[in-house]
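One letter stands for each residue in the lines below.
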Amino acid sequence: MLRAVSCSPSLSSASLFFRFFRQFPRSYLSLSSSSAALRASGRSIRRTSSPSVAGRRILLRRGLRTPSAAGRGVNQQFSSLSVRAVATQPAQSYPGQDEAEKLGFEKVSEEFISECKSKAILFKHKKTGCEVMSVSNEDENKVFGIVFRTPPKDSTGIPHILEHSVLCGSRKYPLKEPFVELLKGSLHTFLNAFTYPDRTCYPVASTNTKDFYNLVDVYLDAVFFPKCVDDVHTFQQEGWHYELNDPSEDISYKGVVFNEMKGVYSQPDNILGRIAQQALSPENTYGVDSGGDPKDIPKLTFEEFKEFHRKFYHPSNARIWFYGDDDPVHRLRVLSEYLDMFEASPSRDSSKIETQKLFSKPIRLVEKYPAGRDGDLKKKHMLCVNWLLSEKALDLETQLALGFLDHLMLGTPASPLRKILLESGLGEALVSSGMSDELLQPQFSVGMKGVSEDNVQKVEELIMNTLKKLSEEGFDNDAVEASMNTIEFSLRENNTGSFPRGLSLMLQSIAKWIYDMDPFEPLKYTEPLKALKTRIAEEGSKAVFSPLIEQFILNNSHRVTIEMQPDPEKATQEEVEEKSILEKVKAGMTEEDLAELARATEELRLKQETPDPPEALRCVPSLNLGDIPKEPTYVPTEIGDINGVKVLRHDLFTNDIIYAEVVFDMGSLKHELLPLVPLFCQSLLEMGTKDLTFVQLNQLIGRKTGGISVYPLTSSVRGKDEPCSKIIVRGKSMAGRAEDLFNLMNCLLQEVQFTDQQRFKQFVSQSRARMENRLRGSGHGIAAARMDAMLNIAGWMSEQMGGLSYLEFLNTLEKKVDEDWEGISSSLEEIRRSLLARNGCIVNMTADGKSLTTVEKSVEKFLDLLPENPSGGLVTWDGRLPLRNEAIVIPTQVNYVGKAGNIYSTGYELDGSAYVISKHISNTWLWDRVRVSGGAYGGFCDFDSHSGVFSFLSYRDPNLLKTLDIYDGTGDFLRGLDVDQETLTKAIIGTIGDVDSYQLPDAKGYSSLMRHLLGVTDEERQRKREEILTTSLKDFKDFAGAIDAVRDNGVTVAVASAEDIDAANNARSNFFEVKKAL
Ligand SMILES: [Zn+2]
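UniProt, in its Subunit (unreviewed entry) section for the protein chain, records the words "Homodimer."

Given below as structure tokens:
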């Protein structure tokens, strides 16, 4: 498996531009950059950083495998930031007007939006009042979304459970989960659903028009005519139910959302975010949790659930978005079929979001969160200060200015508020910090975690004093220039990664539209940005920003200060409380009741495990193999050299931006230095040189480039013992600034001094906080890394730099920094010397041909300055963790369970069918057993074709041993499988959809580099594609033998609660070696 451990905040801070412009879930921006690229290397991706989306306010139907990484790629529609007049056309006729009228729509307004080169028309469906934004342009990545305003009145999680449930079968598609059928067999570039605190979004995207309209129809039918309102089983499965397998056993709660939310409520950062939102708006719908509090979810009744759908899932309360290069009239035709079936309803008025009146004085809250017993709990407090900024909606220019202010204060490591807080040493890392305007009223939060009990008050004072100081003194000009360039670069690049651009625009637009404001306005930032820039130039930045800090923050009494205290009893206490409720429930039941409950449990389980009949499956529209291109997408790649260094050039249109990667080999690095590598990378970016402080260096990067990052990357290489282990320096700039880009890369690599002990200490504590968070929130990633580390060398290397071993290393490092800083500093130097060399270096560049030629001189100069060879001889990597079954204990209410083995060791030889088969196992066997009937939020498998490791993983899983049994049954599942041609075709098309995932130009260039590093040729890709396209049932049966190897010789790693691990070890005589982690 290919791993990019992203240790550099710099690139993510480059994408940490305006929160205003990134209404899409925050975690999309923080994920490692290479996922899209990795997928293109022909395998599914295991995500090491799971979406923390759920942690913030937005919940996804499918937490795993969400698109990642905005922050890459380039938008082809966006040619210039120069100001163009926004052509608002007179409300006369437009193409297709007659037909639109005939279909029952009237035009409300129409604009040409130069920022995204789109013509947008806002329609109203005359009969129901449903509003439709129809955005037309040349983007082939078409997007559809339907959004309902769904404000909850309590924390039973109705909107969230409904969001899951409507995709479980509908009038036209009466099968268990049409959603999963689409996952299996469509070419979607996006497919998911989101629950916000006040709205629910159902977006899909595809580049294939036929596929796109298939997706649209399934989604429309799902939201308006779902089966779940007539079928209590879906409510029980997705929401909650009592489970009783045998009247003699205890009753337990089951349900996908129930366990998903238990996971959310096991993460301190998430708990804090929820408390903050609720405390800031106690009087409106934001005062409750739309996702559902596990304590309240079991209070929800089926009647309330049905009523909620009836009330809010109505065209009168819907806003619909279409975007892309498809026929705008066809959009209305499809919609009218659905909308015409409804009469107008008052639901739009009843879903209105009330405003929270501003407080007259600040409040303070103290709350507890579940903590482990290990470590110094006194140092694990959290403190966060939150403001609701205004009662009224802000105008666009003020919002832009606040977004700008946010970037200035917190956006980069050099930003003063961030810097001062971290340098104070009062806490380990920042928590939930920044402006947010995705809800009705904007808010601002800033805080720290890992704070000592006695320092809690000091953190609050420091935040207030720093804000005061910033308002009095303003920001320095270089910082303002750096922020301005970063923001403008991001706008110009408009890189949403693998997240469709049209969806990003939809989420921006809907953030106003949902409150009955102008849906066009959020898309048109050019004028207000220009006005803001002019004001800064004319009046100075202080005149612009100081009043904002004063008005919205310092003089704003709507302030909520929250202290979170660690409580080692809380997790157990919650379990005990849940148990006692369930015991009472059982005690109140007669024998007949219990027998009935056991029968109902069995009935539900049987229903879940019975496959849909073929005729039901057939009704979900899908493509046929003829619709699929026979060849993979080729990326133009020219391999040459500059001064003896290999250079890959990709001539692609990038809107005048150059993307560059410089790759160094880790082949001369001493083993014991490996865990220091991530901190070495961070030091390069954040330590400063002899002449430049790190703040100056950071500002220089912000002013001259679009961002630079440095991170390690390791992977097995198929057929080789030696892993691929590299350090990648990645940067981007306008082509005209390529010289600056390479000069700065050189400066980082060669001139940065490892002398700042205090900063290094901060890096250590931030990294530790990040790893602890990952352990709680993405335990499946930690488990996967651990198993890989037992099974292959690349996995071991990666785990040393980003797994539990890394966390253990960090725990001892802090003391070492105090005791032997000289030693660490010289180790960092040694890492530099063993990496930096022309020999073994590779340069990868993506831009248009002309820019590629002009940039050559700068590359040459950069390479000339590198030493010829690395210091130290070649080392042989051979580390592995001992093979054993391991259970990692953390304070959690739900588990992460993994099992993995190397199937190449059984003699299995790679065939393209393996991708089809593993996707099918994930989407059928594991989805049905681990998620649907097991009640986990996720269950999937992953096959790493480079190493041969096949792994099973579950996510927020109430079970442990039971899940392992399901994994072990996979071979038999395959042997007993009987799939017809249609099912097979769907599986094949879905796999091709993954392989051909949509990529922006920078991602194309990056994937090509990855394939080069891992020795994947275009001939091999073509061969694998043919194997995928010709996958047969026999391939599935043959694969069973390979999978049995995982059952028989695989290793198991679980990240779980102490109680569940004890129970497992009792049931299966000490199956697990127990390891404490938190
Ligand atoms: Zn969910």
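That covers the picture; the talk isn't over yet.
Chemist: Requested: an account of the pairing of strand S28 (residues 1051–1056), with residues and values cited.
Modeler: In terms of burial, S28 is a largely internal element, six of the six residues being buried. Along S28, one buried face is formed by Val1051, Val1053 and Val1055 and the opposite face, lined by Thr1052, Ala1054 and Ala1056, is buried too. As paired elements, strand S24 (residues 886–889) and S28 share four bridges and run parallel to each other. Residue pairing for S28: Val889 is matched across the bridge by Ala1056. Pairing of strand S25 (residues 896–902) with S28, which is carried by five bridges, proceeds in the antiparallel orientation. Paired with Tyr896 across the strands is Val1055, a residue of S28.

Chemist: Outline the packing of helix H16 (residues 456–473) against helix H20 (residues 541–554), listing residues and values.
Modeler: Their axes nearest at 8 Å, the elements H16 and H20 cross at an angle of 150°. Here H16 runs over H20; the crossing is left-handed. Residues Met464, Leu467, Lys468, Leu470, Ser471, Glu472 and Glu473 of H16 form the contact with H20, whose participating residues are Lys542, Ser546, Ile549, Glu550, Ile553 and Leu554. Per-class residue counts for the contact of H16 with H20 are six nonpolar, two polar and five charged.

Chemist: Lay out the environment of Arg838 in plain terms, naming residues and giving numbers.
Modeler: Relative to the elements of secondary structure, Arg838 occurs in the loop between helix H31 (821–835) and strand S23 (842–847). In this view, Arg838 contacts Asn643, Val645, Leu863, Asp864, Leu866, Pro867 and Glu868; residues no more than four positions away in its chain are not counted. Side-chain polar atoms of Arg838 contact the backbone oxygen of Leu866, separated by 3.0 Å. Of the polar contacts made by the side chain of Arg838, one reaches the side chain of Glu868; its length is 2.6 Å.

Chemist: Give a description of the coordination of the zinc ion that names residues and reports values.
Modeler: At 2.0 to 2.6 Å from the zinc ion lie its protein donor atoms, namely His160 (NE2), His164 (NE2), Glu260 (OE) and Glu260 (OE). Considering all four donor atoms around the zinc ion, the spread of angles at the metal, 54 to 155°, places the coordination shape in the irregular class. All donors to the zinc ion come from one chain, and their sequence spacing reads H-x3-H-x95-E. Pair noted here: His164 is in helix H5 (residues 158–165) and Glu260 is in helix H9 (residues 256–264), with a separation of 96 residues, a long-range link. The class for His164 is buried, based on a relative accessible area of 0%. Look at Glu260 and you get buried, because its relative accessible area is 0%.

Chemist: How would you explain the sheet that holds strand S14 (residues 381–388) if you had to name every residue and give the values?
Modeler: Spatial strand order, S13-S17-S14-S16-S15: five strands in an open sheet with mixed pairing. Every other strand in the sheet has two partners, leaving strand S13 (363–370) and strand S15 (429–436) as the edge strands with one partner each. On average, adjacent strands in this sheet sit at an angle of 15° to one another, irrespective of strand direction. Where S15 lies against strand S16 (residues 443–451), six bridges are found, and the strand directions are antiparallel. Across the sheet, Gly434 pairs through a bridge with Ser445, a residue of S16. Against the sheet, helix H14 (residues 396–410) touches S15 and S16, its axis set at about 165° to S15.

Chemist: Tell me about helix H28 (residues 779–791), residues and numbers included.
Modeler: The end-to-end C-alpha separation of H28 is 18 Å, in line with the 18 Å expected for 13 residues at 1.5 Å each. Among the 13 residues in H28, 13 count as buried, and that is most of the element.

Chemist: Before we move on, could you go through the packing of aromatic side chains and cite the residues and values that matter?
Modeler: Counted under the stated rule, the structure contains 41 aromatic pairs. Look at Phe190 and Phe194: their rings are 6.0 Å apart centre to centre, the planes differ by 70°, and that puts the pair in the edge-to-face class. Geometrically, the ring pair formed by Phe190 and Phe499 is edge-to-face, given 5.5 Å between the ring centres and 70° between the ring planes. Highlighted residues: Phe190 in strand S7 (residues 190–191) and Phe499 in the loop between helix H17 (477–493) and helix H18 (501–513), separated in sequence by 309 residues. Judged by relative accessible area, which is 2%, Phe499 ranks as buried. Put simply, the rings of Phe148, Tyr202, Tyr219, Phe224, Phe225, Tyr313, Tyr338 and Phe342 pair up and form one aromatic cluster. For the cation-ring pair, Arg730 lies above Tyr1006, with the distance from its terminal atom to the ring centre recorded as 4.0 Å. Between Arg759 and the ring centre of Phe694, over which it is positioned, the NZ or CZ distance is 3.5 Å.

Cut-offs and rules
- Residues numbered from 1 in each chain as written.
- Predicted model: local features only at pLDDT ≥ 70, side-chain atom pairs only at ≥ 80, totals over all residues.
- Heavy atoms only, no water.
- UniProt positions renumbered as here; feature names shortened; annotations may be inferred.
- Buried < 20%, exposed > 50% of the residue type's maximum accessible area, 1.4 Å probe, protein only.
- Helix = DSSP H or I, 4+ residues; strand = E, 2+ residues; numbered from the N terminus.
- Pairing = 2+ DSSP bridges.
- Axes fitted to C-alpha atoms, helices over the stretch in contact; angles between N-to-C directions.
- Left-handed = near helix turned anticlockwise from the far one by under 90°.
- Contact = heavy atoms within 4.5 Å.
- Nonpolar A, V, L, I, M, F, W, Y, C, P; charged D, E, K, R; others polar.
- Polar contact = N/O pair within 3.5 Å; in protein donor to acceptor, adjacent residues only side chain to side chain.
- Donors = N, O, S within 2.8 Å, 3.2 Å for Na, K, Ca; no water.
- Tetrahedral: all angles 85-135°; square planar, octahedral: opposite > 155°, others 65-115°.
- Expected span 1.5 Å × (residues − 1).
- Phe/Tyr/Trp six-rings, centres within 6.5 Å; stacked < 30°, edge-to-face > 60°.
- Lys NZ or Arg CZ within 6 Å of the ring centre and 35° of its normal.

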